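# Tertiary structure, described
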Amino acid sequence: MKFGEFGGQFVPEVLIPPLKELEKAYNELKDDEEFKSELDYYLRNYAGRPTPLYFAKNLTEKLGGAKIYLKREDLLHSGAHKINNTIGQALLAKKMGKNRLIAETGAGQHGVATAIAGALLGLKVEVYMGAEDVERQKMNVFRMKLLGAEVIPVHSGSKTLKDAINEALRDWVATFEYTHYLIGSVVGPHPYPTMVRDFQSVIGRETKRQILEIEGALPDVIVACVGGGSNAIGIFHPFIEDRSVRLIGVEAAGKGIETGKHSASLCAGEKGVLHGMLSYFLQDEDGQIATTHSIAAGLDYPGVGPEHAWLKESGRAEYVAVTDDQALKAFVELSKTEGILPALESAHALAYAMEIAKEMSKDEIVVVNLSGRGDKDLGIVMEALTCSASRL
Amino acid sequence: MFRKPALITFITAGDPNVKATLDFMLTLDKYSDVIELGIPFSDPMADGKAIQKANVRALKAGTRVRDVFNLVREFREYSDTPVVLMTYYNPVYRRGVERFVAEAKENGANAMIVVDLPLEEAGEYLNVCEKYDMGTVFLAAPNTPDDRLRMIDEASSAFVYLISLYGTTGAREKLSQLAFDLLKRAKRICSKPLAVGFGVSKAEHVRELVKAGADGVVVGSAIVDIIGKYGEDAIDPLEEKLKELRSGLIF
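Please read these numbers as outputs of a predicted model, since none were measured by experiment. Within each chain, residues carry numbers counting from 1 in the order of the written sequence. Chains carry letters and ligands carry numbers; both start at the beginning, A for chains and 1 for ligands, and go up in the order they are written. Local features are withheld for residues below a pLDDT of 70 in this predicted model, meaning they are given only at 70 or higher, and side-chain atom pairs are given and counted only at 80 or more; totals for whole chains, interfaces and linings count all residues. With hydrogens and water excluded, all non-hydrogen atoms of the structure serve as input to the side-chain values.

Further remarks concern the nonpolar core. Core analysis: the largest hydrophobic core is formed by 101 residues, its most contacted members being Phe236(A), Leu37(B) and Leu85(B). Side-chain atoms within 4.5 Å link the members of a nonpolar core, which is a set of buried Ala, Val, Leu, Ile, Met, Phe, Trp, Tyr and Cys residues. Relative accessibility thresholds used throughout: buried, under 20% of the residue-type maximum; exposed, over 50%; partly exposed, between the two (1.4 Å probe, protein chains only). Formed by 91 residues, the second largest nonpolar core is a distinct cluster that contains Ala25(A), Val173(A), Phe2(B) and Val137(B).

Shown next, in the form of structure tokens:
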């Protein structure tokens, strides 16, 4: 299955049978009542769904424009939306008879969410993490270990997320008989982008129900940050047919697109093939994948999910980019006005939403996917703000 | 495309630099029936440590795709030994499949292996290769079912590359039973020459595989490791290793 020309299964031959096995198992289970009710049980009673759709009154009044609603995925167990997918895939792995999960992680959020799902369901978990990220995210490494997972530092390539994915794939070609590779975003070979989107779409389904309950109308705009793009697809997907709703994905412009130090693959990348999919990637003329930068580790990836590439190409969604500095300002703003510390990733979405809300009329509605909480980023934010104390 | 049984040797182009690669190719040529030349890539996800490091060294030295084509052209001034380009798909896709294949052919490459391009995604590539008379090599693994093996055989105009194990490239102590099972199955199903690779590193391995009916045996990491260790001065130890491997063809 493809999204226009995007997606596909660009993998070594040895992975074709395990991907077919996964696709078959997923297709059989996704509509299975028992599987659905089991997943629903854990999402409600363990992860904390449904999450609130909160009207950010103070922020709305301060900006004086459109009504801003926050989808509070930050309130989920583990502190981010990642757990919607990890519980789903871990349950699937268990049904497939795989007793070992491997995962890649950048900042450690997906690694933590996988470790949680593994602990919950009694599966062994090993997490690949770039050596540089292991160094930068010591707390999450410790957290994963506490949860019983093993963290394997990756020293190859740029020692970050993309290399962690390469290493997880290398593991999987040798161990697929008893191992499920639990990919954390809407990336990778088919069926991952579709499967992860389905697990994350719970965000959009709830949002739709909630906004209709509260406002009796659909939102005018939905804004979400995009790294690989799982939280964005999750909230966008149930609204794709609702043409009146503008869907805006916010990528990381890092230190500015013009500096080359960013990770905005849809805004500044080219079509290419990596990690099993045809999509947009930051790369040079020879197709060598570029190193990326963002203050938000969860956005620091040189590619993007193929469905986003398709939504961009078809014009259904728009993609913009926000710099490190703009995201930091939004982080501080939300903390002060609403008492909510957003993840730096989500702060990208917030920064853009604040900018457009100002220009919109008071009866219009903007929903921001607050995909995670900011506690994990306090060290980075503290460092960044001390460098420019004036921002506080 | 080669006389049987064939010793097929692999190195990464540009490791440690383009000039040294030409010298290495000329050395490989003395003992090999086919030379596989790897195009360095930033994210070689099917490769083990040895070839990953070779990719890093080659890219650090500034190796470009254009340089690899030039290398083949220069090599052609000295030898007619078949050269197979081994690459990941992104460098091909980025350049444009047609342009890539046309340039590779024009400079003297005989066939191509695209590690992460399975049949399902290979439509355009196959058409272009046919148009430019570029040989194709697809990989098959121990878990490739019979019907798929048949399709792989059909799509491979040069030879079929049998992966000897579950895992990435890299020297191993012993050959896996999986290699022999796959070879046996492939001999029954395929019509094209069969080369076995991944984990093959010694004369003994070469001998066992040829005895079991392999038409060719591919050695990569064991050679690349020597380049990793000796850099530009690898010629003598390379020659020694190649002599040893070659002896595996005689029994």
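Right, let's talk about the interface of chain B and chain A for a bit. Note on definitions: a residue-residue contact is assigned when non-hydrogen atoms from the two residues lie within 4.5 Å. Counting residues at the interface gives 36 residues for chain B, matched by 37 residues for chain A. The quantity reported as buried area is the accessible area (1.4 Å probe) lost by two parts once they are put together, taken as the sum for both. Of the roughly 3100 Å² buried where chain B meets chain A, counting both sides, 51% is carbon and sulfur surface. The working definition used for a salt bridge is a side-chain nitrogen of Lys or Arg within 4 Å of a carboxyl oxygen of Asp or Glu. Where chain B touches chain A, the interface holds eight salt bridges. The partner of Arg64(B) in a salt bridge is Glu285(A), with the nearest N and O atoms 3.8 Å apart. The set of elements that each furnish at least two residues to the side of chain B that touches chain A consists of α2 (49–60), α4 (89–95), β5 (135–140) and α7 (146–155) of chain B. Numbering of helices and strands runs from the N terminus; a helix is a DSSP stretch of H or I covering at least four residues, while a strand is a stretch of E covering at least two.

Residues and elements named next belong to chain B. Each patch is built from residues lacking any salt bridge and having more than 30% relative accessible area; the joining distance is 9 Å for like charges and 5 Å for nonpolar side chains (Val, Leu, Ile, Met, Phe, Trp, Tyr). The Shrake-Rupley method, run with a 1.4 Å probe sphere, supplies the accessible areas, and residue values consider only the shown protein chains as cover. The charge count includes Lys and Arg as positive and Asp and Glu as negative, but it does not include His or the ends of the chains. For the purpose of locating charges, the reference atoms are NZ of Lys, CZ of Arg, CG of Asp and CD of Glu. A grouping of Asp-23, Glu-232, Asp-233, Asp-236 and Glu-240 is seen on the molecular surface, where their side chains present a negatively charged patch. Take Asp-23: it is sitting in helix α1 (residues 18–31). Overall, the relative accessible area of 35% leaves Asp-23 in the partly exposed class.

Okay, the environment of Ala113(A) next. The residue Ala113(A) is located in helix α5 (residues 109–121) in this model. Considering only alpha carbons, one finds Ala113(A) and Ala80(A), 33 residues apart in sequence, at a separation of 8.4 Å.

What follows concerns the packing of α1(B) against helix α3 (residues 65–76) of chain B. Packed helices, taken two at a time, are described by the angle their axes make and the gap between the axes. Residues and elements named next belong to chain B. Structural elements are reduced to axes, namely lines fitted to C-alpha atoms, with helices fitted over the stretch in contact, and the angle between N-to-C directions of any two is expressed from 0 to 180 degrees. One way to put it is that α1 packs onto α3 with a least axis distance of 10 Å and a crossing angle of 40°. The orientation of α1 with respect to α3, classified from their angle, is oblique. Pair α1 / α3 crosses with right-handed handedness. On α3, the residues touching Val-18, Thr-21, Leu-22, Met-25, Leu-26 and Asp-29 of α1 are Asp-67, Leu-71, Glu-74 and Phe-75. If an angle is under 35 degrees, it is roughly parallel; if it is over 145, roughly antiparallel; if it lies from 65 to 115, roughly perpendicular; otherwise it is oblique. The hand of a helix crossing depends on one turn: near helix anticlockwise from the far one by less than a right angle means left-handed, and clockwise means right-handed.

Side-chain pairs of opposite charge can arise whenever the charged atoms involved come near each other. All names here are of chain B. Applying the stated rule across the entire model yields 50 salt bridges over all chains. With its nearest N and O atoms 2.7 Å apart, the salt bridge here joins Arg-99 to Glu-103. Of the two residues, Arg-99 and Glu-103 are both situated in helix α5 (residues 97–106); the distance of four residues between them amounts to about one turn of the helix.

A separate point is the sheet that holds strand β6 (residues 159–163) of chain B. All names here are of chain B. At least two bridges found by DSSP between two strands is the condition for calling them paired. Around the barrel, eight strands lie side by side as β1-β2-β3-β4-β5-β6-β7-β8; this closed barrel has parallel pairing. Strand-to-strand, the axes of this sheet are offset by a mean angle of 25°, without reference to chain direction. The pairing of β5 with β6 spans four bridges and is parallel. Pairing of Leu-139 across the sheet is with Tyr-161, part of β6. Together, β1 (6–12), β2 (34–38) and β3 (83–87) form the strand contacts of α1, whose direction differs from that of β1 by roughly 170°.

This brings us to unusual backbone geometry. With the exception of glycine, most residues fall at negative phi, and the peptide bonds are largely trans. Omega for the peptide link from Arg49(A) to Pro50(A) comes to -10°, which places this bond in the cis form. Mapped onto the elements, Pro50(A) comes out in the loop between α2 (33–47) and β3 (53–55). In this structure, the amide linkage connecting Lys4(B) to the following residue, Pro5(B), adopts the cis form with an omega of -10°. Take Pro5(B): it is sitting in the segment before β1. Non-glycine residue Asp133(B) carries a positive phi angle of around 55°. Among the structural elements, Asp133(B) can be located in the loop between α6 (123–131) and β5. Note on Asp133(B): relative accessible area 56%, which makes it exposed.

On to the confidence of the model for chain A. Across chain A, the average pLDDT comes to 96, with 99% of residues at 70 or higher. In the model of chain A, helix α6 (residues 131–136) of chain A stands out as the element of lowest mean pLDDT, 88, in contrast to strand β9 (residues 221–225) of chain A, which has the highest, 99. Residue-level confidence of the predictor, termed pLDDT, takes values from 0 up to 100.

Let's shift gears to the environment of Glu150(A). By secondary structure assignment, the location of Glu150(A) is in strand β7 (residues 150–154). C-alpha separation for the pair Glu150(A) and Gly111(A), spaced 39 residues apart in sequence, amounts to 9.8 Å.

All names here are of chain A. Only protein atoms enter the 1 Å grid used here, on which a cavity is any set of points holding a 1.4 Å probe that cannot leave and a pocket is any open set flanked by protein within 12 Å on both sides along at least five of seven lines; residues with an atom within 4 Å of a point are listed as lining. Grid points are joined across faces, edges and corners, and a volume is the space filled by probe spheres set on the points. Considering all chains together, one arrives at five cavities of 30 Å³ or more under this definition. Volume-wise, the largest cavity comes out at about 410 Å³. When residues of the lining of the largest cavity are traced back to their parent elements, those giving at least two are β5 (100–105), α5, α8 (161–175) and α11 (230–236). Each residue gets one label: Ala, Val, Leu, Ile, Met, Phe, Trp, Tyr, Cys and Pro are nonpolar, Asp, Glu, Lys and Arg are charged, and the others, such as Gly, are polar. Counted by class, the lining of the largest cavity contains 11 nonpolar, 16 polar and four charged residues. Here the second largest cavity defines a volume of roughly 250 Å³.

All names here are of chain B. Close contact between α7 and helix α8 (residues 177–189) brings their axes to 10 Å; oriented N to C, the two are set at 65°. When you trace α7 past α8, the crossing you get is right-handed. Here α7 contributes Asp-146, Leu-149, Arg-150 and Asp-153 to the contact with α8, which in turn contributes Leu-182, Arg-185, Ala-186, Arg-188 and Ile-189. Taken together, the residues of the contact of α7 with α8 break down into four nonpolar, no polar and five charged.

Before going further, it helps to examine the pairing of strand β6 (residues 124–130) of chain A. Residue and element names in this part refer to chain A. Along β6, six of the seven residues are buried, which leaves the element largely enclosed by surrounding structure. Where β5 and β6 come together, six bridges link them in parallel fashion. Along β6, the bridge assignment pairs Thr-105 with Met-129. Strand direction decides the pairing type here: β6 and β7, joined by five bridges, are parallel. Residue pairing in the sheet places Tyr-128 in a bridge with Ile-152 of β7.

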